[in-house]
Amino acid sequence: MSASNNSSPHDLTHTNSAGEAHMVDVSNKTESRRIAVASGVIRMKRTAFDAIRDNTIAKGDVLGVARVAGIMAAKRTPELIPMCHSIALSHVAIALTLDESLPGVHAEATCAATDVTGVEMEAIVAVTVALATIYDMAKSADRSMVIGDVRLLSKSGGKSGDYRADSLDSASACAEKQR
């Protein structure tokens, strides 16, 4: 089992010398301030959008509940992603923005920690669960909603340094072609 045709199990960071899955030892890494931002979107019918905007969904405040769900998800990421390390999150923020042009909701999660490993997975999980919660809360108005475009927008800190997604990187270009 290898990540690509050119790598062996010895090249993979999450397998040991026998090719068995294991958690990477980060005990020798240096603590640093780490911040990650991820985003995604949920598209829906105009009637569902209007019901969310007007707060008339029977289950209650869709965006409020989704925001809390995203924060809770970030805190539970190591329980969901098998090789993800537990980190001490110092900040999680979920921004949910109604977009009439979709119609739908843009979600953005920002996670921060001072730790030895990054917070990218926490931000991605937070945004994904916030969007899934919007679906759950509003499915009575539209079961055909589509969640997509989930991606890492930026990260800072750590040995690998900073990352900022291009405005139209390969994932976004692919999504744009599909629209």
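Residues numbered from 1 in each chain as written. Predicted model: local features only at pLDDT ≥ 70, side-chain atom pairs only at ≥ 80, totals over all residues. Heavy atoms only, no water.

1. A look at the overall build of the chain
In terms of regular secondary structure, the chain is built from 5 helices and 5 strands. When the 179 residues of the chain are sorted by exposure, 39% land in the buried category. Counted over contacts in the chain with a minimum sequence separation of 6, partners at least 24 positions apart contribute 68%. When the accessible area of the chain is evaluated, it comes to approximately 10100 Å², of which 53% is carbon and sulfur surface. (Helix = DSSP H or I, 4+ residues; strand = E, 2+ residues; numbered from the N terminus. Buried < 20%, exposed > 50% of the residue type's maximum accessible area, 1.4 Å probe, protein only. Contact = heavy atoms within 4.5 Å. Areas by Shrake-Rupley, 256 points an atom, 1.4 Å probe, with all protein chains shown as cover.)

2. A look at helix α2 (residues 62-75)
Taking 1.5 Å of rise per residue, 14 residues should cover 20 Å, and α2 covers 20 Å from first to last C-alpha, within 8% of that figure. Turning to α2, its buried residues number three or more, namely Val 62, Leu 63, Gly 64, Ala 66, Ala 69, Gly 70, Ala 73 and Ala 74. Considering only its buried residues, α2 is in contact with α1 (46-53), α3 (77-80), β2 (89-99), β3 (104-115) and α4 (120-138). (Expected span 1.5 Å × (residues − 1).)

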